[in-house]
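# Notes for the structure review
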Amino acid sequence: MAACADKEAMLQALIDGELDAANALAMEAHLGACPACAAEHRAWRALRERLGAVDVAPAAPPALRLRIEEALAREAAALPARREGRPARRWRAWAIGGWSAAGMMAATAATFAILFLQPPPSDLGDQLVADHVRSLIPGHLIDVATSDRHVVKPWFNGRIDFAPPVPELADRGFPLAGGRLDVAAGRVVPVLVYRRRLHVINLFILPAAAKAGEARPSGASAPGYALVHWRQGGLDFWAVSDVGKADLDQFRTEFAARAGS
Amino acid sequence: MLPHMDAVYAYARFLSRDPIAAEDLAQDAYLRAFRSFSGYRGGNAKSWLLAIVRTCFLDWTRRRGGHEAEPAWEGDEDPAAAVADGADTPEEALIRAADATALRRAVDGLPEPFRETLVLRELEEMSYREIGDLMNVPLGTIMSRLARARRMLSRMLTASLAGGDD
């Protein structure tokens, strides 16, 4: 038994729900009269149901999401300052809108907004928070992983043109996890990584800005992140973390006390 | 979290039939989308993104001289993951994962343009009009392509069933 060749296309439209009422009725009538087309219709319906029953389309790998978010953050950061406004903001509103519609808002919103399209570092604090968030992507946190400050300190030699203090703070509840190089304020800077319980504290160290008023004093913060700044020995220190502000203030006190010695 | 990430990835995956290339295409597409966002005039965001994926894919094909990749779903299916995230029993989850793999391979076995048309309809759940706009073909063509794609797919699935434990 052969199905009617001229009905083939219409049959697709019928199972895809693309026919208007009149054509759908006409096709149904034909299926009632033509067993071959009816059999074909059943087979196609079954195939469609089978395709819909399992996840044939693969989900995007989580690592890919991170990679793309990172690439977009870099892209956003590279936008010239005068263009930073509208496109990035519109995109962000759009991206977040699509996602709240999917009912997935909230918890990661702060991370996403910062990582994803916070337009560039008009403000150093914002930039450091974005760097901090980016550093938490697996494999980005630490270049030299050690709790031994005598390893971290020499590691920076030759990589940067000043010697940051690397005090040991494990006995104060802030074990050293290692160090890395990052980019902040347009230059390569050393970052010390300390831990506080399960949290990470990134400490960015920059040569003190020429103008005293250039850097914000301290205590600025983005949603969910604490940022503490202080100046000591000709260097600007910026600690960023998702620990509480009180913990970060304590970190500053302990670090400053030992960095001088 | 990126809008329509799974849709973008799946489309790139079935177009390229190459898991590595699909990731690069997805990334490329989001970067292009971001750069050309000022040109986005509202409307269906998914269609807009998939059209960008398509452009990226065509560029990629041109760069590699038009050679099609060999289908490859082997080895990238993790049954343990399927069991872990399924709501049903481990046995059911494994059967579903196996069926998903069989269907993916069958879809990958379709020649173009039938594969793309079927993927857009069945997996991306786009309307004929959206598919027509995206692929720049009339609706009648979409219907006849779908008919051929579905016929080939049925035949392949029947053959693989008869072929034993594959």
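Residues numbered from 1 in each chain as written. Chains lettered and ligands numbered in written order. Predicted model: local features only at pLDDT ≥ 70, side-chain atom pairs only at ≥ 80, totals over all residues.

Here we come to the environment of B:L110. Residues and elements named next belong to chain B. Examined against the element boundaries, L110 turns out to sit in the loop between α5 (90–108) and α6 (114–123). L110 sits in the buried class, given 21 other C-beta atoms within 10 Å. C-alpha separation for the pair L110 and R148, spaced 38 residues apart in sequence, amounts to 9.7 Å. (Helix = DSSP H or I, 4+ residues; strand = E, 2+ residues; numbered from the N terminus. Buried ≥ 20, exposed ≤ 12 C-beta atoms within 10 Å, placed from the backbone.)

All names here are of chain A. Summary statistics for chain A give a mean pLDDT of 76 and a share of 74% for residues scoring 70 or more. Below a pLDDT of 50 lies the segment residues 98–121, which in the model reaches 51 contacts outside its immediate sequence neighbourhood of four places, other chains included. Per-residue pLDDT stays below 50 along residues 217–221; that stretch engages in 9 contacts with residues further than four places along the chain or on separate chains. (pLDDT = per-residue confidence, 0-100. Contact = placed C-beta atoms within 7 Å.)

All names here are of chain A. Taking strand neighbours across the sheet as the criterion, the 6 strands line up as β1-β2-β3-β4-β6-β5 in an open arrangement whose pairing is antiparallel. Both edges of this open sheet fall to β1 (144–145) and β5 (226–232), since each of them pairs with a single strand only. The strands touched by helix α8 (residues 149–156) within the sheet are β1, β2 (176–184) and β3 (187–196), with β2 carrying the most contacts at an inclination of about 20°. Contacts from helix α9 (residues 245–259) reach β3, β4 (199–207), β5 and β6 (235–241), with the element oriented near 20° to β5. (Pairing = 2+ DSSP bridges. Axes fitted to C-alpha atoms, helices over the stretch in contact; angles between N-to-C directions.)

Contacts between the two partners involve 35 residues from chain A and, on the opposite side, 35 residues from chain B. Contributions of two or more residues to the side of chain A that touches chain B are made by α1 (8–15), α3 (35–53), α4 (62–78) and α5 (86–101) of chain A. Here the side of chain A that touches chain B is composed, by residue class, of 22 nonpolar, 3 polar and 10 charged. (Nonpolar A, V, L, I, M, F, W, Y, C, P; charged D, E, K, R; others polar.)

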